[in-house]
Amino acid sequence: MAGTMVEFRANGRMGSGYLATPPSGKGKGLLVIQEWWGLVDHIKQLADRFAAEGFVALAPDLYHGKTTGSPDDAGKMLMALNIAEAGKDIHGAATFLLARDDVTSERVGAMGFCMGGQLALYAGCEYPEQIGAVVDFYGIHPKVHPDLSRLGGPVLAHFGEQDPSVPVAQARELVKQIQAAGKTVEAHFYHAGHAFFNDARPEAYDKASATSAWERTLEFLRTSL
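Computed from a prediction, not measured in an experiment: that's the story for all the values here.

A.B. asks: When you look at the sheet that holds strand E4 (residues 55-60) in this model, what are you seeing that I'm missing?
C.D. replies: Pairing between the strands of a sheet is mediated by backbone hydrogen bonds and can be parallel or antiparallel. One open sheet accounts for eight strands, arranged E1-E2-E4-E3-E5-E6-E7-E8; its pairing is mixed. The strands lining the two open edges of the sheet, one partner per strand, are strand E1 (4-10) and strand E8 (185-190). Ignoring strand direction, the axes of neighbouring strands in this sheet form an average angle of 25 degrees. Pairing analysis gives six bridges linking strand E7 (residues 155-160) to E8, with the strands arranged parallel. Bridge pairing in E8 places Gly160 opposite Tyr190. Its contacts with the sheet place helix H5 (residues 168-180) against strand E6 (131-137), E7 and E8, and it is angled at close to 170 degrees to E8.

A.B. asks: Any chance you could explain the pattern of salt bridges here in plain terms?
C.D. replies: In a structure, side chains of opposite charge can pair up when their charged atoms sit close to one another. Going through the model one piece at a time under the given rule, you end up with seven salt bridges. With a closest N to O distance of 2.7 Å, Arg222 and Glu53 form a salt bridge. Remark: Glu53 occurs in the loop between helix H1 (41-52) and E4 and Arg222 occurs in helix H6 (residues 207-224); sequence separation between them is 169 residues. Residue classification places Glu53 among the partly exposed residues on the basis of a relative accessible area of 34%. Note that Glu126 and Arg150 form a salt bridge whose closest N and O atoms lie 3.7 Å from each other. One end of the pair, Glu126, is in helix H4 (residues 115-126); the other, Arg150, is in the loop between E6 and E7, and 24 residues separate them in sequence.

A.B. asks: I would appreciate a short explanation of the packing of aromatic side chains in the present structure.
C.D. replies: Think of a pair of aromatic rings as described by two things: how far the centres are apart, and how the planes are tilted against each other in angle. A complete count under the given rule lists 13 aromatic pairs for this structure. Centroid distance Phe113 to Phe137: 4.7 Å. Interplanar angle 35 degrees. Geometry classified as tilted. Residue Phe113 is located in strand E5 (residues 108-113), and its partner Phe137 is located in strand E6; the two are separated by 24 residues in the primary sequence. In this structure Phe137 comes out as buried when scored by relative accessible area, which is 1%.

A.B. asks: Explanation requested: the nonpolar core in the structure shown.
C.D. replies: The nonpolar side chains of a soluble globular protein tend to be buried, and buried together. Leu31, Leu58, Leu119 and Ile131 are the most contacted members of the largest nonpolar core, which has 45 residues in total. The contact partners of Ile131, leaving out residues within four places of it in the chain, are Leu31, Ile90, Arg107, Val108, Ala110, Ala123 and Gly124. Among the nonpolar cores identified, the runner-up in size contains 33 residues, and Ala47, Phe113, Phe196 and Ala213 belong to it.

A.B. asks: I'm lost on H5 in this one. Help?
C.D. replies: Residues lying three or four places apart along an α-helix face the same way, a consequence of the helix completing one turn every 3.6 residues. Under the 1.5 Å per step criterion, the end-to-end length of H5 is 18 Å for 13 residues, consistent within 8% with the ideal 18 Å. Every buried residue of H5 is accounted for by Ala171, Leu174, Val175 and Ile178. One face of H5 carries all of its buried residues, which in axial projection span an arc of 100 degrees. Seen from the open side of H5, the exposed residues pointing more than 90 degrees away from its buried face are Ala169, Lys176 and Ala180. Looking at the buried side of H5, the elements it contacts are H4, E6, E7 and E8. Of the residues flanking the end of H5, it is Gly182, one or two places downstream, whose phi is positive at about 80 degrees.

A.B. asks: What should I look at first to understand unusual backbone geometry in this one?
C.D. replies: Across the chain, the bulk of peptide bonds are trans and the bulk of non-glycine residues have phi less than zero. Positive phi is not limited to glycine here, since His64 has a value of about 55 degrees. Locating His64 in the fold gives a position in the loop between E4 and helix H2 (71-80). By relative accessible area, which is 45% here, His64 ends up partly exposed. In this structure, Tyr138 takes a positive phi of about 40 degrees despite not being glycine. Residue position: Tyr138 is located in the loop between E6 and E7. By relative accessible area, which is 0% here, Tyr138 ends up buried.

A.B. asks: Would you take a moment to explain the pairing of strand E2 (residues 13-20) for this structure?
C.D. replies: Within a regular beta strand, the side chains point alternately toward one face of the sheet and then the other, so they alternate between its two faces. E2 sits mainly inside the fold: six of its eight residues count as buried. Connecting E1 to the antiparallel partner E2 that follows it, the hairpin turn spans two residues, and Asn11 within it adopts a positive phi of roughly 55 degrees.

A.B. asks: I would appreciate a short explanation of H4 in the present structure.
C.D. replies: For H4, with 12 residues, the first-to-last C-alpha span of 16 Å sits near the 16 Å given by 1.5 Å per residue. Counting buried positions over the 12 residues of H4 gives 11, a clear majority of the element. All buried positions along H4 are accounted for by Met115, Gly116, Gly117, Gln118, Leu119, Ala120, Leu121, Tyr122, Ala123, Gly124 and Cys125.

Definitions and cut-offs
Residues numbered from 1 in each chain as written. Predicted model: local features only at pLDDT ≥ 70, side-chain atom pairs only at ≥ 80, totals over all residues. Heavy atoms only, no water. Pairing = 2+ DSSP bridges. Helix = DSSP H or I, 4+ residues; strand = E, 2+ residues; numbered from the N terminus. Axes fitted to C-alpha atoms, helices over the stretch in contact; angles between N-to-C directions. Contact = heavy atoms within 4.5 Å. Salt bridge = Lys/Arg side-chain N within 4 Å of Asp/Glu carboxyl O. Buried < 20%, exposed > 50% of the residue type's maximum accessible area, 1.4 Å probe, protein only. Phe/Tyr/Trp six-rings, centres within 6.5 Å; stacked < 30°, edge-to-face > 60°. Core = buried A, V, L, I, M, F, W, Y, C linked by side-chain atoms within 4.5 Å. Expected span 1.5 Å × (residues − 1). Arc of directions from axis to C-beta.

As structure tokens, this is what we get:
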């Protein structure tokens, strides 16, 4: 990994995250929001991948140093997460990016996976003046309820047709709600299950679906920011 850990102000306190910068030295800003495992190497590596594609990518650490490989512990950490405080961390991360000389976009993108996908959508609604595009990979969190009327930019969503955590009917309902709020959303459904993008989990990873989703995500972010 080529990035580095950084600190930033988050509503009067300090937050931290993993920052990866592009070889060109400048790029559009992007927040990469973690899954329920925490800021693990997989998320850092994704920030590096986005940096290699020309983005200044920051993955905020919403668990403040805690990570886990246990689904039981991850579920407990997800449910214990204070959504308002996590929002402050994401807001601080966006502010940090936009203040950097190497960030060329007027607003940043927010994208995430599972818990992070729902938090990216939440952040796009809470901070539309800073977040201009959202990518939601199979987002789920029972305590997050975004005010979709406040979205300030388009949404790209990726769902697995075989995902028991986010059933297709539930995913399609979210798409309808975004449309009903008068917002722009592009949704794709893949012949795959939950976490199909996570190549650190061979039991869940689906290469064909992940490759398509990656290419669509890059195109979306480049044209939307």
